[in-house]
Amino acid sequence: MTCDGLVAVVTGGGSGIGRACADALLAAGARVVVLDLDPSGAPSGPAVRAVRADVADRASLAAGIAAAVNAFGRLDILVNNAGISAVGAVEDNDDAQWARVLDVNVAGVARTSAVALPHLRRSPAAAIVNVSSIAATAGLPRRALYSASKGAVHALTLAMAADLIGDGVRVNCVAPGTVDTPWVTRLLAGADDPAAERRLLAARQPTGRLVSAAEVAAAVVYLASPAAGAVTGTSLAVDGGMAGLRLPARPS
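Worth saying up front: this structure is predicted, and the values here are computed from it rather than measured.

In this section: the overall build of the protein chain. Secondary structure assignment for the protein chain yields seven helices and seven strands. Taken from the N to the C terminus, the helices and strands of the protein chain come in the order β-α-β-β-α-β-α-β-α-β-α-α-α-β. Taking 18 Å as the expected radius of gyration for a compact globule of 252 residues, we find that the protein chain reaches 18 Å, a close match to that expectation. C-alpha extents for the protein chain along the principal axes are approximately 55 × 40 × 35 Å.

This is the structure in structure tokens:
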């Protein structure tokens, strides 16, 4: 897969899956602009720009997208990765938390895409890749708000793909399982037995291990690249088989 000559914007590209996506796009030959609340963790080099931006703030997004186009002259790829998590059953998160998570995880995708679209429509190889989750389609315990937000990202991806196919803009999403990121490490640190909790998270996937950020990024690069020119309106699971496999229980 190659993205030679293309320009990509990655939201939340300063750490975790976003940083892995930025690295993978660079390796595929793209020039990359990272938009992040804290862009200090972005890759460095002549093919990278790092801009502070907030997906909950349209003005800052407009400035970030403008910086990308000003730096590299075009925009071909948008990776909507920025997001926040939430833990709890349906009664555990208050109205402010619901509003905040949905604003960042769902409206943030729509907001960033809307700002980027005038430039993407001018690209001969335009692609948007949204980062969804296994939580969009599988009921996970104590993830009501987060699951609702990622289910909305999945549905939004399909609707955007239908709306934009006539403009030559492909829209897809990836649906990762549990990914070994700094956020998961911080979550585990609060458990009574972090090592045991990590083993439980790993066992949830049929492969018996957490997904790596690089594996998610490889799927993102494929969907973003011209190699996937016939792929739109698709959710690509990167979840160690969690969505589709039902294996016998392993003996204890």
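Having seen it, we continue.
Here the focus is the UniProt feature "domain: Ketoreductase" (unreviewed entry) in the protein chain. If you check UniProt for "domain: Ketoreductase" (unreviewed entry), the listed places come out as residues 6-168 in our numbering. For residues 6-168, the end-to-end C-alpha separation is 15 Å, with 45% helix and 16% strand making up the annotated structure.

Attention now moves to the packing of helix H3 (residues 95-120) against helix H4 (residues 144-164). Close contact between H3 and H4 brings their axes to 9 Å; oriented N to C, the two are set at 20 degrees. Relative to H4, H3 is oriented roughly parallel. Remark: the crossing between H3 and H4 carries right-handed chirality. Residues Gln-97, Trp-98, Val-101, Leu-102, Asn-105, Val-106, Val-109, Ala-110, Ser-113 and Leu-117 of H3 pack against Ala-144, Leu-145, Tyr-146, Ala-148, Ser-149, Lys-150, Ala-152, Val-153, Leu-156, Met-160 and Leu-164 of H4. Split by residue class, the contact of H3 with H4 holds 16 nonpolar, four polar and one charged.

The next thing to look at is the nonpolar core. In terms of nonpolar packing, the biggest core is built from 32 residues, with Cys-3, Leu-25, Ile-77, Val-174 and Val-216 touching the most fellow members. Of all the secondary-structure elements, those providing two or more residues to this core are strand E1 (7-11), helix H1 (16-27), strand E2 (31-36), strand E4 (77-80), strand E5 (126-131) and helix H7 (213-224). Setting aside anything within four residues of it in sequence, one finds Ile-77 in contact with Cys-3, Leu-6, Val-7, Ala-8, Val-9, Leu-25, Leu-120, Ala-127 and Ala-224. Grouped together as the second largest cluster of nonpolar side chains are 27 residues, Ala-53, Val-104, Ile-128 and Leu-164 included.

Turning our eyes to something else, we now look at the pairing of E2. Consecutive side chains of a regular strand alternate in pointing toward one face of the sheet and then the other. The element E2 is extensively covered by neighbouring structure, given that five of its six residues are classed as buried. When E1 meets E2, the two strands line up parallel, connected through five bridges. Counted as the bridge partner of Thr-11 is Leu-35 from E2. Taken together, the five bridges between E2 and strand E3 (residues 48-52) define a ladder with parallel strand orientation. Pairing of Val-32 across the sheet is with Val-48, part of E3.

A word on unusual backbone geometry. The backbone phi angle of Arg-142 is positive, close to 60 degrees, even though this residue is not glycine. Of note, Arg-142 is situated in the loop between E5 and H4.

The next point concerns the side chain of Thr-181. Inspection of the secondary structure assignment puts Thr-181 in the loop between strand E6 (169-176) and helix H5 (182-189). Since its relative accessible area comes to 11%, Thr-181 is described here as buried. Sequence-distant contacts of Thr-181, that is, excluding residues within four places in its chain, are made with Gly-16 and Ile-17.

On to the state of the cysteines. Note: disulfide means a covalent bond formed between the sulfur atoms of two cysteine side chains. Going through the model one piece at a time under the given rule, you end up with zero disulfides. The structure places no disulfide on Cys-21, whose sulfur is separated from the nearest cysteine sulfur, that of Cys-3, by 11 Å. Just so you know, Cys-173 is unpaired, no disulfide at all, and the nearest cysteine sulfur is the one on Cys-21, 13 Å from it. The class for Cys-173 is buried, based on a relative accessible area of 1%.

This part is about a nonpolar patch on the surface. A surface patch of nonpolar side chains, about 220 Å² in accessible area, is lined by Val-87, Trp-183 and Leu-187. Inspection of the secondary structure puts Val-87 in the loop between E4 and H3. Taking the relative accessible area as the measure of exposure, Val-87 reaches 36% and is therefore partly exposed.

Covered by surrounding structure in E4 are Ile-77 and Val-79 together with Leu-78 and Asn-80, the residues of both alternating faces. Of the strand pairs in this sheet, E4 and E5 are connected by four bridges, and their pairing is parallel. In the sheet register, Val-79 faces E5, and the bridge partner there is Val-129.

Take the sheet that holds E3 next. Sheet strands pair via backbone hydrogen bonds, and the direction of the pair is either parallel or antiparallel. Pairing in this open sheet of seven strands is parallel, and the strands run E3-E2-E1-E4-E5-E6-E7 from one edge to the other. The sheet is open, and its two edges are formed by E3 and strand E7 (235-238), each paired on a single side. Averaged over all neighbouring strand pairs, the angle between strand axes comes to 20 degrees, with direction disregarded. Together, E1, E4, E5 and E6 form the strand contacts of H3, whose direction differs from that of E4 by roughly 175 degrees. Where H4 meets the sheet, its contacts fall on E5, E6 and E7, and the angle it forms with E6 comes to roughly 160 degrees.

The rules behind these values
Residues numbered from 1 in each chain as written. Predicted model: local features only at pLDDT ≥ 70, side-chain atom pairs only at ≥ 80, totals over all residues. Heavy atoms only, no water. Helix = DSSP H or I, 4+ residues; strand = E, 2+ residues; numbered from the N terminus. Rg over C-alpha atoms; globule rule 2.2 N^0.38 Å. UniProt positions renumbered as here; feature names shortened; annotations may be inferred. Axes fitted to C-alpha atoms, helices over the stretch in contact; angles between N-to-C directions. Parallel < 35°, antiparallel > 145°, perpendicular 65-115°, else oblique. Left-handed = near helix turned anticlockwise from the far one by under 90°. Contact = heavy atoms within 4.5 Å. Nonpolar A, V, L, I, M, F, W, Y, C, P; charged D, E, K, R; others polar. Core = buried A, V, L, I, M, F, W, Y, C linked by side-chain atoms within 4.5 Å. Buried < 20%, exposed > 50% of the residue type's maximum accessible area, 1.4 Å probe, protein only. Pairing = 2+ DSSP bridges. Disulfide = S-S within 2.5 Å. Patch = residues over 30% accessible without salt bridge, like charges linked within 9 Å, V, L, I, M, F, W, Y side chains within 5 Å. Areas by Shrake-Rupley, 256 points an atom, 1.4 Å probe, with all protein chains shown as cover. Salt bridge = Lys/Arg side-chain N within 4 Å of Asp/Glu carboxyl O.

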